[in-house]
Amino acid sequence: MRPEFSAVAFLDGVRAEANLAHFEQQLAPSLMAPLASLLTQSPDPDGALNLLERWAHAATPEHFRELERFPTALTYLVAIFGHSAFLAETFLADPGLAIQFARDRNFTKLKSKEDLMQDYARFATTSPDPWLSAQLARWKRRNYLRIVLKDVLRLSTLGETTAEISALADVILTNALLYCDQELEKRYGQPQYRDVQGRIVRAGFSILSLGKLGGNELNYSSDIDLLFLYSHDGETAGGSEADSVISNKEYFVRLAHAITRTITQVTPHGTIFRVDLRLRPEGDQGDLAISLKSSLEYYEHRARDWELQMLIKARHSAGDVKLTRAFLHGVDSYIYQSPTDFEAVESVLLARERISQKLRESGDDTLDV
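Rules and cut-offs
Residues numbered from 1 in each chain as written. Predicted model: local features only at pLDDT ≥ 70, side-chain atom pairs only at ≥ 80, totals over all residues. Heavy atoms only, no water. Axes fitted to C-alpha atoms, helices over the stretch in contact; angles between N-to-C directions. Helix = DSSP H or I, 4+ residues; strand = E, 2+ residues; numbered from the N terminus. Parallel < 35°, antiparallel > 145°, perpendicular 65-115°, else oblique. Contact = heavy atoms within 4.5 Å. Nonpolar A, V, L, I, M, F, W, Y, C, P; charged D, E, K, R; others polar. Salt bridge = Lys/Arg side-chain N within 4 Å of Asp/Glu carboxyl O. Buried < 20%, exposed > 50% of the residue type's maximum accessible area, 1.4 Å probe, protein only. Pairing = 2+ DSSP bridges. Phe/Tyr/Trp six-rings, centres within 6.5 Å; stacked < 30°, edge-to-face > 60°. Lys NZ or Arg CZ within 6 Å of the ring centre and 35° of its normal. Core = buried A, V, L, I, M, F, W, Y, C linked by side-chain atoms within 4.5 Å.

### Quick notes on the packing of helix 5 (residues 72–83) against helix 9 (residues 132–152)
The geometry of helix 5 relative to helix 9 is characterised by a closest axis approach of 10 Å and an angle of 95° between their N-to-C directions. Comparing the axis directions of helix 5 and helix 9 gives the class roughly perpendicular. Residues Tyr76, Ala79, Ile80 and His83 of helix 5 form the contact with helix 9, whose own contacting residues are Leu145, Val148, Leu149 and Val152. Here the contact of helix 5 with helix 9 is composed, by residue class, of seven nonpolar, one polar and no charged.

Below, the structure is given as structure tokens:
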């Protein structure tokens, strides 16, 4: 084994030496010392080198020439290969992707929801897939690669990492909503109602995020808590199918089902997100989508304290922004009631005590954030 690799804590030195001997035949000599340094810092040098050897089998001579021109790509490869075998599969399936990242001058930029919407539009054009779930899963995995790289290389803060993952979820929800709504509208026509002037107007639909997504605190393995809301009752205009006029409620419940199914299906690139809908009004017993009027009545008269408290983190993720704004304005006075509401304070203290009791019973006195 070359002397520069003697400081690397390989668990299987024989296999490591064989991998290095094969890799050395293709990698530029100037990159061997940097490779040794990267493996020394890797949390799993054996795994990283094994995956790097697999990448070498998939790579072309042109990829190796580009690797010499853009050595940062080697940093990206070793970082991912040492941290996530799951994400590594994306680099293995697309050997030139790490080089694309290294050539991207905006790679370290914190991407907003608008940036990611444009990024997805380009991806959907250049990498079309008739199965939306697979396309979204593939795009999500590419972005997770980028976000994880910035995270493990300390190019972004914890707050920036969770904010970008949350923005990524918003964009996926937005595109799933747009597609599913178009498909349903073909079958049933637009969901409509008459406004105060008597005009026929399209009813709105929005997706509110709660919990970690609502607080822009989503992490790599979080599920997403959602609330589906529509603006008005009425019925659809009718579409391509016979007897295709249905109530707005039925239309939007079907839309909520379609969106949920789209982002929870298992694809060759993994599942996009796990979805939790139990925080909606009436929990598992409630309708999947609820009207603005019914939701405001629920939170005014029947919601429990914790249901109001969790709305502190509610925010808009996709769909009709005005509808979300009307909902948040409508529930605001129920969430932030008078400070003399001692029952609400007591319920918070009881919830905190239950958490503490559970920790004591587990025998672990550390706080799992």
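Here the narrative resumes.
### A short note on the pattern of salt bridges
Evaluated as defined, the whole model comprises 23 salt bridges. The partner of Glu62 in a salt bridge is Arg65, with the nearest N and O atoms 2.9 Å apart. With Glu62 and Arg65 both in helix 4 (residues 61–69) and three residues apart, this pair spans about one turn of that helix. For Glu62, a relative accessible area of 38% gives the class partly exposed. Residue Arg122 is joined to Asp119 by a salt bridge in which the shortest nitrogen-to-oxygen separation is 3.9 Å. Within this pair, Arg122 and its partner Asp119 are both found in helix 8 (residues 113–126), separated by three residues, close to a single helical turn. Overall, Arg122 belongs to the partly exposed group, its relative accessible area being 49%. Residue class for Asp119 comes out buried when judged on its relative accessible area of 17%.

### With respect to the pairing of strand 3 (residues 205–210)
With six of six residues buried, strand 3 is to be regarded as a mostly interior element. Of the two faces of strand 3, the one lined by Phe205, Ile207 and Ser209 and the one lined by Ser206, Leu208 and Leu210 are each fully buried. Of the pairings in the sheet, the one linking strand 3 to strand 4 (residues 224–230) comprises six bridges and is antiparallel in character. Directly across from Leu208, in strand 4, lies its bridge partner Leu227. Two strands pair when backbone bridges link them, and strand 3 and strand 8 (residues 315–319) are joined in this way by four bridges, in the antiparallel orientation. Residue Leu208 lies in a different strand from strand 8, and its bridge partner there is His316.

### Thoughts on the packing of aromatic side chains
Tallied over the entire structure, the rule returns 14 aromatic pairs. Aromatic pair Tyr144 and Tyr220: ring centres 5.8 Å apart, planes at 75°, arrangement edge-to-face. With Tyr144 in helix 9 and Tyr220 in the loop between helix 11 (211–214) and strand 4, this residue pair connects regions lying 76 residues apart in the sequence. Ring centres of Tyr299 and Phe327 lie 5.9 Å apart, and the angle between their planes is 70°; on these two criteria the pair is classed as edge-to-face. Residue Tyr299 is located in helix 13 (residues 292–301), and its partner Phe327 is located in helix 15 (residues 321–335); the two are separated by 28 residues in the primary sequence. A single burial state applies to Tyr299 and to Phe327, both of which are buried. Grouped by ring-pair contacts, the aromatic residues Tyr76, Phe81, Phe91, Phe101 and Phe107 constitute a single cluster. One residue, Lys140, lies across the ring of Phe273, its end atom 4.4 Å from the ring centre.

### Brief notes about unusual backbone geometry
The phi angle at Asn216 is positive, at roughly 55°, despite the residue not being glycine. With respect to the helices and strands, Asn216 occurs in the loop between helix 11 and strand 4. In the Ramachandran plot, Glu282 falls in the positive-phi region, its phi being about 70° despite a non-glycine side chain. If you trace the backbone, Glu282 turns up in the loop between strand 6 (275–276) and strand 7 (289–291).

### Some remarks on the nonpolar core
Judged by nonpolar contacts, the single largest core of 90 residues is most densely connected at Leu35, Phe81, Phe91, Phe205, Phe228 and Ile259. In terms of residues, this core owes the most to one element, helix 10 (residues 158–188), which gives 12 residues. In contact with Phe228, other than residues within four places in its own chain, are Phe205, Ser206, Ile207, Ala256, Ile259, Thr260, Leu277, Leu288, Ala289 and Ile290. Within the second largest apolar cluster, 19 residues are counted, among which are Ile290, Tyr298, Met310 and Leu311.

### Topic: the sheet that holds strand 2 (residues 200–202)
The strand order 2-1-5 describes an open sheet built from three strands, whose pairing is antiparallel. The outermost strands of the open sheet, each flanked by one partner alone, are strand 2 and strand 5 (235–236). Where helix 12 (residues 248–264) meets the sheet, its contacts fall on strand 1 (191–194), strand 2 and strand 5, and the angle it forms with strand 1 comes to roughly 145°.

### With respect to the environment of Leu226
Along the chain, Leu226 turns up in strand 4. In the structure, Leu226 is positioned 51 residues away from Leu277 in sequence and 5.6 Å away in space, judged by C-alpha atoms. Contact partners of Leu226, with chain neighbours within four places excluded, come to Leu173, Ile207, Leu208, Ser209, Leu210, Leu213, Val275, Asp276 and Leu277.

### Brief notes about the pairing of strand 1
The side-chain alternation of strand 1 yields one buried face, formed by Pro191 and Tyr193, and one unburied face, formed by Gln192 and Arg194. In terms of strand pairing, strand 1 meets strand 5 through two bridges, oriented antiparallel. For Gln192, the partnering residue across the bridge sits in strand 5 and is Glu235. One ladder, built from three bridges, connects strand 1 with strand 2; its direction is antiparallel. Across the sheet, residue Gln192 finds its bridge partner in strand 2, namely Arg202.

Read these as spatial facts, not as claims about activity.
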